[in-house]
Amino acid sequence: MSLPKPKPGDLQALLRAAYPDARCALDHGDPFQLVVATILSAQCTDARVNLTTPALFARFPDAASLAVAPLAELETLIKSTGFYHNKARNLIGLGQALMARHGGRVPSDLATLITLPGVGQKTANVVLSNAFGVAALPVDTHIFRVARRLGLSKATTPEKVEADLCRLFPREDWIELHHQLIFHGRRVCDARRPDCAGCPLLDLCPTGLGKMVDPHSGVKLTSAPEALRPSGEKKKNTGERASPTGPSSSLGGRNRPPSPTLSPGQGTPQRIISLVPSVTELLVQWGLAARLVGRTRYCIEPRWIRNTVPTVGGTKDPDLGRIRDLAPDLVILERDENLQETAEALTALGLPWLALEIRSVQDCVAALRLLGEKLGVAAAAELRASVLEALLKGRRRKGPRALALVWREPWMSAGPDTYLGDLLRQGGFTPIGPDRYPVLAEATLEALGPQVILLPTEPFRFKARHQQELQKRFPEAAVHLVDGQSLTWYLSRTEEGLSLVRALRMG
Ligand code: SF4
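Quick caveat, the model's predicted, so the values are computed rather than measured. (Residues numbered from 1 in each chain as written. Predicted model: local features only at pLDDT ≥ 70, side-chain atom pairs only at ≥ 80, totals over all residues.)

1. Notes on the site of the ligand
At step 1: C189, C196, C199, C205 and G208 are the nearest of the 15 residues found near the ligand.
At step 2: Grouping the constituent residues of the shell around the ligand by class yields 11 nonpolar, 2 polar and 2 charged. (Near = placed C-beta within 6 Å. Nonpolar A, V, L, I, M, F, W, Y, C, P; charged D, E, K, R; others polar.)

Structure (structure tokens):
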């Protein structure tokens, strides 16, 4: 008996809610950069490619320079992406072919693109859809796995899965769907450990529901039994998935513990432990200090809670025995701030937890509402969320290229896909650098060519001498030493952070 496929419209609605930020993960500024980055991404992570390309494009910014690139130098620049002998030869061949046949420009049709060295059908489709907006749905390893698990295709080759998906979904949605499925594969539907219990697509997924064997692993997956899911979770799960309680990395996609302790019948949490400094401050701002029974040693604001709320270790190394002894009815985490192991240990102890995911100012709006609802202070939360929403209204022009550094020796920055990156964006700057919190080699820092550099006073204690050092290196740039808490404490100080950044933008 064949299983019914999820309805494309239903699936798209869930994917849109879960991944409003889905986009091409390869940093690029034009079609040339994208085709180069895509060639480099073969057998390599996008994050690694994004660390490599700034220096590469600084040295070889166009087809003309790439065509005459010294092989050994090019190999050194791209070595970390793997298979660099082959890739370097292809890149030089690409530059030469673009110069000889296309006036140095990347062609915008499939038939011509696939004649270029290093460009196969998949690379061509990535370039066509992302650089030229041509409808295409290239199937990579994530889409291949997710589509088959969702029962959208039984095909056993990427080409046939692509054909099946293109038949099922409207042409105008292919590009969006391509990014959403990749995000879903990376964040939730992991190859080895899919997070079915917390998956926003679970109710549409025959694999997650155990109705068929996982076509990827060949075994039946088990997800949390329905009886263990809180009443109404299906709806909440969908809305909360992308943010703030998003899945993946640090918290390993386990954004919801298997035991449903927050169901309406069990009341509002009265014994809360916060493992997130800015959330601790937010709870105090909401008048919930009396319900705080534990905090980390970094939860130091407002100052008086240092005398009234006991500590339970650090954000990355909380004392689980102490937490257990305090018998919390809710532990609050955030996926960059805390580790997946902590969430797993809490689950093993049978302690309820809630993980936020804050990667943008908009995530703060959703997180405020979520926390307000869970903690029984919906009105206060709604007021704050509405104010923040109002502050975010209006179109942002692309402003000066701004780099937010968060560490020294080695240099590390907060990338465009972090909360700090988005705060800069919302404040009128263009955040630059690789995504997440990359280490920046001196050459990369140089190549980024920031027009504005922000040095927050935490997590690294940047001081005036660092400001002077960078000002010397980047005489054209405006280098600002800024209050770290205002800039990085999401939720409790987001409005403050926005004002600070906007004031800097106004000069
Ligand atoms: S329910 Fe499980 S198998 Fe299905 S899409 Fe979600 S994570 Fe993947």
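2. A short note on the packing of helix α2 (residues 31-40) against helix α3 (residues 46-59)
At step 1: Remark: α2 packs on α3, axes separated minimally by 10 Å, with the N-to-C direction vectors making an angle of 135°. Classified by the angle their axes make, α2 and α3 are oblique. For the element pair α2 and α3, the recorded crossing hand is right-handed. Each of Q33, A37 and L40 in α2 lies in contact with α3, whose residues at this interface are V49, T52, T53 and F57.
At step 2: Tallied by class, the residues present in the contact of α2 with α3 amount to 4 nonpolar, 3 polar and no charged. (Axes fitted to C-alpha atoms, helices over the stretch in contact; angles between N-to-C directions. Helix = DSSP H or I, 4+ residues; strand = E, 2+ residues; numbered from the N terminus. Parallel < 35°, antiparallel > 145°, perpendicular 65-115°, else oblique. Left-handed = near helix turned anticlockwise from the far one by under 90°. Contact = placed C-beta atoms within 7 Å.)

3. Considering the sheet that holds strand β2 (residues 292-295)
At step 1: Pairing is parallel in the open sheet, where 4 strands are placed in the order β2-β1-β3-β4. If you trace the sheet from one side to the other, it starts and ends with β2 and β4 (353-356), each paired once. Along the sheet, successive strands turn relative to each other by an average axial angle of 20°, direction set aside. (Pairing = 2+ DSSP bridges.)

4. Things to note about α2
At step 1: Across the 10 residues that make up α2, a large majority, 8, are buried.
At step 2: If you check which residues of α2 are buried, you get F32, L34, V35, V36, A37, T38, I39 and L40.
At step 3: Turning to α2, the residues buried within the fold contact α3, α4 (63-67), α5 (71-78), α6 (84-102) and α8 (121-132). (Buried ≥ 20, exposed ≤ 12 C-beta atoms within 10 Å, placed from the backbone.)

5. Overview of the nonpolar core
If you look at soluble globular proteins, the nonpolar side chains tend to sit buried side by side.
At step 1: Counting 64 residues, the largest nonpolar core has V331, I332, A367 and A404 as its most contacted members.
At step 2: The dominant element in this core, judged by the number of residues it contributes, is helix α17 (residues 361-375), at 9 residues.
At step 3: Shared between two domains, this core takes at least three residues from each, and those domains are domain 2 (247-387) and domain 3 (401-506).
At step 4: Residues in contact with V331, not counting those within four places in the same chain, are I273, L275, I323, L346, L351 and W353.
At step 5: Core analysis: the second largest hydrophobic core is formed by 58 residues, A88, V106, F144 and L201 among them. (Core = buried A, V, L, I, M, F, W, Y, C linked by C-beta atoms within 7 Å. Domains from an automatic or database assignment.)

6. As for the environment of D203
At step 1: Within the secondary structure layout, D203 lies in the loop between α11 (174-187) and α12 (233-240).
At step 2: With 15 C-beta atoms counted inside 10 Å, the residue D203 sits in the partly exposed group.
At step 3: The sequence separation of D203 and L11 amounts to 192 residues, and the corresponding C-alpha distance is 10.0 Å.

7. Notes on the domain arrangement of the protein
At step 1: Taken domain by domain, the protein comprises domain 1 (1-186), domain 2 (247-387) and domain 3 (401-506).
At step 2: Its residues placed into classes, the side of domain 1 that touches domain 3 shows 5 nonpolar, 1 polar and 1 charged.

8. Concerning the packing of helix α9 (residues 141-149) against helix α10 (residues 158-168)
At step 1: Between α9 and α10, the shortest axis-to-axis distance is 10 Å and the interhelical angle comes to 60°. In terms of their interaxial angle, α9 and α10 are classed as oblique. The two elements α9 and α10 cross, and the hand of that crossing is left-handed. Side by side, α9 and α10 meet where F144, A147 and R148 of the first sit next to P158, V161 and L165 of the second.

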